[in-house]
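An overview of the molecular structure
This is what each chain is made of:
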Amino acid sequence: MKLACLPALLLLASPAAALGTGNVLKVPQDFATIQAAVDAAADGDTIEIGGGTYPETVVVDGFTNLTLRAKGKVVIDSDAGAAALTLSNCTDCVVEKVRAEDGPGHGILVVASAGVTLEKCRVEDV
């Protein structure tokens, strides 16, 4: 009888796992850069990016159901000769409220991907 209750207790103890949702990775609280958070992420995770300017080039490759969400004004400022944000080989990923600046030709580049959603994003000076 006690064994029958164990699965129910496990579900109550970890509701995120029960619902199939991933972890929340926070930039800059948990990771100094957006790319570091992407490198540590898994399918289904959410990366919350605190307000600020991030002088980097971010590459998101091969994810399913990953969300990048800006909290405050977030600017990815790329002057490295590449797009500020690239999503490649991604499925059902979401980018919310991110501003991309100074990328050559493309502020946000989406290639070989399906179901990618860009919500309230802004591209400037590319």
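First things first, this report covers the structure right here in the doc. Given the structure is predicted, the values throughout are model-derived calculations rather than measurements.

What follows covers the overall build of the protein. Looking only at helices and strands, one finds three helices and nine strands in the protein. For the protein, the N- to C-terminal ordering of α and β elements is α-α-β-α-β-β-β-β-β-β-β-β. The buried share of the protein, taken over its 126 residues, is 35%. Sequence-distant contacts in the protein: of pairs separated by 6 or more residues, those separated by 24 or more amount to 36%. When the accessible surface of the protein is totalled, it reaches about 7000 Å², and 56% of it is carbon and sulfur.

Let's shift gears to the side chain of serine 88. For serine 88, the location among the structural elements is in strand β5 (residues 85-88). At 3.1 Å, the side chain of serine 88 and the side chain of asparagine 89 are in polar contact. Ignoring any residue separated from it by four or fewer positions in sequence, one finds serine 88 in contact with Val60, Asp61, Gly62, Val111 and Ser113.

Applying the stated criterion to the full structure yields zero disulfides. With no disulfide partner, cysteine 93 has as its closest neighbouring cysteine sulfur the one in cysteine 90, 4.2 Å distant.

Criteria and cut-off values
Residues numbered from 1 in each chain as written. Predicted model: local features only at pLDDT ≥ 70, side-chain atom pairs only at ≥ 80, totals over all residues. Heavy atoms only, no water. Helix = DSSP H or I, 4+ residues; strand = E, 2+ residues; numbered from the N terminus. Buried < 20%, exposed > 50% of the residue type's maximum accessible area, 1.4 Å probe, protein only. Contact = heavy atoms within 4.5 Å. Areas by Shrake-Rupley, 256 points an atom, 1.4 Å probe, with all protein chains shown as cover. Polar contact = N/O pair within 3.5 Å; in protein donor to acceptor, adjacent residues only side chain to side chain. Disulfide = S-S within 2.5 Å.

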